[in-house]
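# Understanding the architecture of this molecule
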Amino acid sequence: MFPSFGRREVPPERKTGNAPGNSLVLINENPPWWNAVVTAPSASADVEAAVEAHRRIAGLAQTNALGLDRAGSMAQAGIWVGGGAPVFSKELFHRRTLLQQAFQRALDEIAELIARRGGTPPPRIQVVTAPRTTMSAGPSGFRGMDVGQMESLVRELDRIGPPLLEAGSQMQNMCSRLCVAPGAGHTIGEVGTWSERQARDLRRRLEVIKRTPPITESGVPFTGPFPSPGTVSSGIAAYEFFGAFDTTPNKARSLLGRAATGDTKALEELQRLQGEGKDPDLARRVNAWWRGLDPAARSGLTGEAPGLVGSLNGVPSATRDTLNRAFLTTEEKRLKERLAELDREVLGLTVMGGFGLDVKRAAVQSMKDRTSAMLKASEQVRAALAEGGKNGRPPALLLLFDANAPHGRAVVSYGDPDRAHHITAYVPGLTTQVENSREDFQRSLFTWDQANGADPFKETASIAWLGYDAPQVDLGLAVPGHTVATSGAAEKGAKELLSFIDGVHATHDHEVPTHLTVVGHSYGSLTTGKAAAQRPFGTFADDLVFVGSPGVGVEQAVNLGVSPEHVWVGANDWDPVSWAGWFTTDPSRSAFGATRFRTGGGGHSDYWVNGKDSLRNIGRIVAGKSDEVTGDTMILAGKP
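Residues numbered from 1 in each chain as written. Predicted model: local features only at pLDDT ≥ 70, side-chain atom pairs only at ≥ 80, totals over all residues. Heavy atoms only, no water.

## Some thoughts on helix α8 (residues 264–276)
- Between the first and last C-alpha of α8 there are 19 Å, a value that for 13 residues agrees with the 18 Å anticipated at 1.5 Å per step.
- Here α8 has its buried residues at Ala266, Leu267, Leu270, Leu273, Gln274 and Gly275.
- Looking at the buried positions of α8, the neighbouring elements they touch are α7 (252–259), α9 (282–292), α10 (295–304), α11 (306–310) and α15 (488–507).
- For α8, the capping residue at the N-terminal end is Asp263, with a side-chain oxygen 2.9 Å from the backbone nitrogen of Lys265.
- Backbone geometry just after α8 places Gly277 at a positive phi near 65 degrees. (Helix = DSSP H or I, 4+ residues; strand = E, 2+ residues; numbered from the N terminus. Expected span 1.5 Å × (residues − 1). Buried < 20%, exposed > 50% of the residue type's maximum accessible area, 1.4 Å probe, protein only. Contact = heavy atoms within 4.5 Å. Polar contact = N/O pair within 3.5 Å; in protein donor to acceptor, adjacent residues only side chain to side chain.)

Have a look at this one:
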């Protein structure tokens with residue numbers, strides 16, 4: 001911490017006769033290093049001018065040299081820990097040092113000038129002082145920021161700015177007349193300018209921060225007595241506060257700054273970072289960045305690259321829907337035009353004939369088939385969106401559309417996840433393709449129906465997350481990372497799922513209580529399990545549901561980041577996949593530690609059949625009605 005000097009008002013100057021022609025000027029009685037006596041011979045006007053300048057600068061130093069100490073004490077008090085806090089503290093200490101060194105240099109050089117001109121030099125005044133500890137944030141279990149105390153820090157930086165500017169101006173004038181300490185006054189003024197600039201910037205950013213829900217470093221609401229409400233995570237602090245001191249290894253702040261200018265390469269790089277799923281705070285940074293943009297910057301971005309902006313986890317869901325629908329329309333137009341071109345090209349090559357042309361025609365036909373599949377994917381998404389708002393269901397929101405992915409990618413939410421109390425994300429498995437996704441979207445609709453029926457007085461959002469490249473029954477079966485026989489595709493998909501769920505947390509209205517359930521089917525249960533196991537306890541989901549699962553990538557339910565009683569497993573009696581246990585322990589076995597719920601029987605694709613126990617129980621879990629879930633007490637063959 002900084003030394004406490006117990007600053008007092010400067011006492012009136014007292015002149016004490018000591019010898020003919022001499023006078024003593026007592027600078028101050030506290031703190032000790034101000035106890036200096038300046039002897040000013042009256043014989044020389046130049047010496048008298050230097051003595052007067054020394055006296056006045058000593059007074060300025062007494063008032064201002066410790067100007068940043070209080071701000072430093074606040075920084076040391078744990079109001080901001082983690083993120084860019086250590087770097088800011090270092091910068092603040094550096095400015096404090098510059099400030100004191102400038103006063104010290106001016107006083108020392110004037111004292112030397114007095115001696116050179118034949119006067120008696122005053123005793124040296126020690127201005128530069130070392131704090132008791134280094135101004136840096138040490139290790140702490142809490143990594144975040146106390147917004148109320150940060151506001152006090154802002155006021156302190158704002159308070160010290162004008163006096164330093166005035167002191168710098170006065171000192172520069174006095175030093176210039178005496179031809180000593182060139183630039184010392186400017187240095188003091190620059191410290192004042194820095195303080196004012198930080199105060200302005202922080203005040204603006206605090207307005208954004210205060211609209212951010214209180215969260216822990218890992219991204220969940222605070223529950224303990226400390227940190228208390230009014231604190232935000234270091235991830236937000238790292239971006240929103242002292243952005244120039246971005247300490248994140250992926251330099252998200254820099255990318256977001258470039259993205260704000262319409263740099264599409266930066267947006268593409270942000271997409272790549274999302275795909276890595278390593279930074280649990282990236283979506284919150286994106287959310288804070290987006291809310292901090294002025295309308296002109298937002299308009300420019302959305303006009304330049306609606307699909308890229310619409311794919312960013314952390315951008316509000318309603319905004320993503322608007323952008324992605326516009327992108328969908330543009331893509332449909334482009335694909336139709338491209339398909340017409342390829343049709344003409346295939347026709348021309350067919351008419352001309354010939355072996356060489358036949359080879360080329362086959363290549364063009366392949367491109368045509370691929371374009372047709374992409375167009376069909378867009379049509380499937382369009383049809384899924386049209387189901388929203390019917391039969392009492394909420395409007396649909398398009399949170400992602402990418403026809404260029406190997407099998408397409410799309411995320412459709414029935415209900416607004418930013419405002420819903422109950423949120424569920426469905427993760428499908430083997431053979432998932434957007435062009436053949438009607439059944440996947442219907443499963444999310446049926447889930448919404450059941451959850452809404454279980455709790456009709458609270459809003460529900462049911463999301464179909466077709467956001468990864470699921471394994472296919474094709475030549476990819478023999479390709480590592482694509483085959484259903486290995487966990488490679490699930491590991492890649494888990495990163496995408498992590499980033500998406502981070503975005504759901506980041507954009508949700510913190511005034512609305514939320515309950516999040518992730519449902520994984522078949523290979524999608526492995527993808528879900530891989531994702532859940534990578535986040536700290538309680539930061540991924542409130543409940544996990546696995547149906548028709550070949551294994552979820554962990555040996556026991558306790559390893560999935562939620563309490564075992566909130567890990568649910570459904571296994572149909574005629575579903576051989578749920579018996580396989582290909583990927584670690586079979587989750588439907590008692591040894592796994594999950595809760596088995598009744599499904600009503602059937603095959604691998606029968607968990608969402610209307611009227612069956614499995615769908616009713618999934619809806620109850622999504623609605624937080626775990627006490628109404630019917631358990632599976634049946635002992636399946638070979639499954640204790």
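## Some points on the sheet that holds strand β12 (residues 567–570)
- Ordered by their spatial adjacency, 8 strands build an open sheet running β6-β7-β9-β8-β10-β11-β12-β13, and the pairing between neighbours is mixed. The open sheet is flanked by β6 (396–402) and β13 (595–596), the only strands paired with a single partner.
- With 6 bridges connecting them, β6 and strand β7 (residues 409–414) associate as antiparallel partners. Within β7, the residue paired with Leu397 across the bridge is Ser413.
- Of the strands in this sheet, β7, β8 (422–427), β9 (460–466) and β10 (515–521) touch helix α14 (residues 438–454), which is tilted by about 160 degrees from β9.
- Helix α18 (residues 613–622) rests against β8, β10, β11 (543–547) and β12 of the sheet, and its axis sits at about 150 degrees to β10. (Pairing = 2+ DSSP bridges. Axes fitted to C-alpha atoms, helices over the stretch in contact; angles between N-to-C directions.)

## With respect to the side chain of Arg535
- Mapped onto the elements of the fold, Arg535 is located in the loop between α16 (523–532) and β11.
- For Arg535, a relative accessible area of 9% translates into the label buried.
- At a separation of 3.3 Å, a polar atom in the side chain of Arg535 contacts the main-chain carbonyl oxygen of Gly277.
- Setting aside chain neighbours within four positions, we find Arg535 in contact with Gly277, Asp279, Pro280, Leu498, Asp502 and Phe540.

## What to know about the pattern of salt bridges
- As enumerated under the stated definition, the model contains 25 salt bridges in all.
- A salt bridge links Arg409 to Glu496, with the shortest nitrogen-to-oxygen separation between them at 3.2 Å. One end of the pair, Arg409, is in strand β7; the other, Glu496, is in helix α15, and 87 residues separate them in sequence.
- Judged by its relative accessible area of 24%, Glu496 falls in the partly exposed class. (Salt bridge = Lys/Arg side-chain N within 4 Å of Asp/Glu carboxyl O.)

## Some thoughts on α18
- A large share of α18 lies buried, amounting to 7 of its 10 residues.
- Every buried residue belonging to α18 is among Ser614, Leu615, Asn617, Ile618, Gly619, Ile621 and Val622, and all of these are buried.
- At its buried positions, α18 is contacted by β8, α14, β10, β11 and β12.

## Focus on the environment of Arg285
- Counting through the fold element by element, Arg285 comes out in helix α9.
- Taking relative accessible area as the criterion, Arg285 reaches 5% and is therefore assigned buried.
- With 30 residues separating them in the primary sequence, Arg285 and Val315 have C-alpha atoms 9.8 Å apart.

## Some words on the nonpolar core
- Ile57, Phe103, Ile110, Leu157, Met171 and Ile188 are the most contacted members of the largest nonpolar core, which totals 43 residues.
- Taken together, the elements giving at least two residues each to this core come down to α1 (45–64), α2 (69–76), α3 (85–116), α4 (147–178) and α5 (184–209).
- In terms of residue count, α4 provides more of this core than any other element does, 11 residues in total.
- Leave out the neighbours within four places in its chain, and Phe103 touches Ile57, Leu60, Ala61, Asn64, Ala65, Val127, Met171 and Ile188. (Core = buried A, V, L, I, M, F, W, Y, C linked by side-chain atoms within 4.5 Å.)

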